[in-house]
Amino acid sequence: MLEDLDQIHRSALAEATSIPDETALEEFRVRYLGKKGSLTAAAARMKDLAPADRPLFGQKLNEVRAAITAALEDRSSALMAAKDAQAAQGIDPTLPARPLHRGSLHPLSQVLDRAVDTLRRMGFALAEGPEVETEWHCFDALNTPPDHPARKESDTYYFPNGKLLRTHTSSVQIRTMESASSVPVRIIAPGTAFRRDEIDETHSISFTQLEGLYVDRDVSLADLKGTLEAFFQVIFGAGTEIRFRPHFFPFTEPSFEIDVKLRTVGRAERWVEIAGCGLVDPAVFAAVTKCRKDDLFHPDLVTGFAFGMGVDRLAMIQYGIPDLRLFNENDVRFLRQFV
Ligand code: PHE
């Protein structure tokens, strides 16, 4: 019986080194170690032995099984190594790796992310509203009368159902107040706005705006100025000068445009318009109150400020980009500069 084991051992080892491929390897394993394999059959015969002879046989059996398993593994790694060597034929592993091109955020996203981060640290939460908007949210509730030029077909994209592509993100002011459950409300709403415009260096049919709204019991012009001055210091650098120039918007009273003083090397200093803002017009609170049917935003109880700025404009100033169209052309020679 012990000789049987030796015999199995010898033939298995002799065979193993010349197994040609993985299929044959599996066939070999089954033939020796499988349920009906020769080693398994030998093991089954252990019960025929005298009890005294069994330990020796058992030990030998284990040795042979280990040896065959090891031979099997050796052959398997050898076959795998041969396969690898074959696959690597003609490949020079000492060549430097191909450069990995990392993507990066679009310059507009970078500028917007920074603006949003800054305002969030100042306590503003993100809000959003639909791009396809009702006339009421976009105009009427914002105290913009039917004969206002912004509502003209020549300035605005209307759908047959009377809805329109929002001409500004100020509609989110209304959406936010409609659904708010308490004051204060302190939100920013980045998003796309659409206007019928001739496309040129500074005009586009769609652009990104960043809207802001703060409503509370006692919001004043000082809050508006302080907030936006602090904001532009972060965006354009400490010491940046901004000015508030009286202006008109239907939904704020008083209203201002904010200019920032640009100092560009080789150019005379100049003021550039950067945002619109003002204290929320009580007529806007009245429209919201009428629609909510409660007093949370009653014009006698709350005041607020709102602002809106073009993110494209921010980015153009920040990076000295002369033409708005560059943002949408997806020319990698342009985009690669903002990695
Ligand atoms: N919605 C205005 C625009 O698009 C900007 C603005 C927002 C002005 C909020 C005042 C307050 O021009």
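All of the points below concern the structure found in this document. (Residues numbered from 1 in each chain as written. Predicted model: local features only at pLDDT ≥ 70, side-chain atom pairs only at ≥ 80, totals over all residues. Heavy atoms only, no water.)

1. Digging into the overall build of the protein chain
Stated formally: Helix and strand assignments follow DSSP, with helices taken as H or I runs no shorter than four residues and strands as E runs no shorter than two, numbered in order from the N terminus. Radius of gyration means the value over C-alpha atoms here, while the globule rule gives 2.2 Å times the residue count to the 0.38 power. Relative accessibility thresholds used throughout: buried, under 20% of the residue-type maximum; exposed, over 50%; partly exposed, between the two (1.4 Å probe, protein chains only). We get accessible surface area from the Shrake-Rupley algorithm with a probe of 1.4 Å; when it comes to residues, only the shown protein chains can shield them. Counting rule applied: Lys, Arg positive; Asp, Glu negative; His and chain ends not counted. Positions of charges follow a simple convention, taking NZ of Lys, CZ of Arg, CG of Asp or CD of Glu.
The number of helices and strands found in the protein chain is 11 helices and nine strands. The C-alpha radius of gyration of the protein chain comes to 38 Å, more than 25% above the 20 Å expected for a compact globule of 339 residues. With respect to the principal axes defined by its C-alpha atoms, the protein chain has extents near 110 × 55 × 45 Å. When each of the 339 residues of the protein chain is scored for burial, the buried share is 39%. Just so you have it, the protein chain exposes about 19,100 Å², and 54% of that area is on carbon and sulfur atoms. Between the centroid of the 40 positive side chains of the protein chain and the centroid of its 49 negative side chains there is a distance of 4 Å.

2. A word on the site of the ligand
The condition is simple: Whether a residue is near a molecule or strand is decided by its heavy atoms; if any one of them lies within 4 Å of it, the residue is near. Under the rule applied, a polar contact is a pair of N or O atoms within 3.5 Å (in protein, one hydrogen donor and one hydrogen acceptor; residues adjacent in sequence only if both atoms are side-chain atoms). Residues are grouped as follows: Ala, Val, Leu, Ile, Met, Phe, Trp, Tyr, Cys and Pro are nonpolar; Asp, Glu, Lys and Arg are charged; all remaining types, including Gly, are polar.
Taken together, 14 residues are adjacent to the ligand, and His168, Ser170, Arg195, Gln209 and Gly308 come closest. Gln209 has a polar side-chain atom sitting 3.0 Å from an oxygen atom of the ligand. The protein chains hide 89% of the 320 Å² of surface that the ligand would expose on its own. Mapped by element, the contributors of at least two residues to the shell around the ligand are strand S5 (206–216), strand S8 (270–280) and strand S9 (303–310). Examining the composition of the shell around the ligand, we find that three residues originate from one element, S9, more than from any other. Among the residues forming the shell around the ligand, the class breakdown is five nonpolar, seven polar and two charged.

3. So, the layout of surface pockets
Empty space among the atoms becomes apparent when a probe as large as a water molecule is rolled across them. This is how the line gets drawn: Here a cavity means grid points, on a 1 Å grid over the protein atoms only, where a 1.4 Å probe fits yet cannot get out; a pocket means an open set of points with protein on both sides within 12 Å along at least five of seven lines; lining residues are those with an atom within 4 Å of a point. Grid points are joined across faces, edges and corners, and a volume is the space filled by probe spheres set on the points.
Here the second largest pocket defines a volume of roughly 170 Å³. What lines the second largest pocket is simply His101, Arg102, Gly103, Ser104, Val332, Leu335, Arg336 and Val339. Of the residues contributing to the lining of the second largest pocket, the split by class is three nonpolar, three polar and two charged.

4. Quick look at the nonpolar core
Most often, soluble globular proteins have nonpolar side chains that are buried together. The line we're drawing: Each nonpolar core is a collection of buried residues, namely Ala, Val, Leu, Ile, Met, Phe, Trp, Tyr and Cys, held together in the definition by side-chain atoms within 4.5 Å. Contacts are assigned to residue pairs that have any heavy atoms within 4.5 Å of one another.
By size, the foremost hydrophobic cluster in this structure holds 41 residues, and its most contacted members are Leu210, Phe232, Ile258 and Phe307. Tallying contributions element by element places helix H5 (residues 107–121) first for this core, with six residues. Not counting residues up to four positions away in its chain, the partners in contact with Phe307 are Leu119, Phe124, Ile188, Leu210, Glu211, Gly212, Leu228, Gly276 and Cys277. In this structure, Ala141, Val172, Phe249 and Phe251 belong to the second largest nonpolar core, which totals 24 residues.

5. As for helix H2 (residues 22–33)
Which entries qualify depends on this criterion: Take the residue count of a helix, subtract one, and multiply by 1.5 Å to get its expected span. Arc, as used here, means the arc of the directions from the helix axis to the C-beta atoms.
Under the 1.5 Å per step criterion, the end-to-end length of H2 is 16 Å for 12 residues, consistent within 8% with the ideal 16 Å. Looking only at H2, the buried set comprises Leu25, Phe28 and Tyr32. On an axial view of H2, the arc spanned by its buried residues comes to 60°, and they lie on one face. Residues of H2 that are buried make contact with helix H1 (2–16), helix H3 (38–44) and helix H4 (54–87). Sitting at the amino-terminal end of H2 is Asp21, which places a side-chain oxygen 3.3 Å from the backbone nitrogen of Thr23.

6. Some words on the packing of aromatic side chains
Threshold: Stacked, edge-to-face and tilted labels apply to pairs of Phe, Tyr and Trp rings (six-membered ring for Trp) whose centres lie within 6.5 Å, assigned for plane angles under 30 degrees, over 60, and everything in between, in that order.
Under the counting rule described, the total for this entry stands at 11 aromatic pairs. Among the aromatic residues, those joined into a cluster by ring pairs are Phe124, Tyr214, Phe305 and Phe307.

7. Side note on the pattern of salt bridges
The condition is simple: Salt bridges, as used here, are contacts in which a Lys or Arg side-chain nitrogen is within 4 Å of a carboxyl oxygen on Asp or Glu.
Counted by the stated rule, this structure contains 20 salt bridges. Measuring nitrogen to oxygen at the nearest pair gives 3.9 Å for the salt bridge that ties Glu22 to Lys83. With Glu22 in helix H2 and Lys83 in helix H4, this pair connects stretches of sequence that are 61 residues apart. A salt bridge links Asp140 to Arg151; its shortest N-O distance comes to 3.1 Å. Of this pair, Asp140 sits in the loop between helix H6 (135–138) and strand S3 (164–165) while Arg151 sits in the loop between H6 and S3, and the two are 11 residues apart along the sequence. Note on Asp140: relative accessible area 32%, which makes it partly exposed. Arg151 sits in the buried class, given a relative accessible area of 9%. It is possible to trace a salt-bridge network through shared partners that takes in Glu241, Lys261, Arg263 and Glu269.

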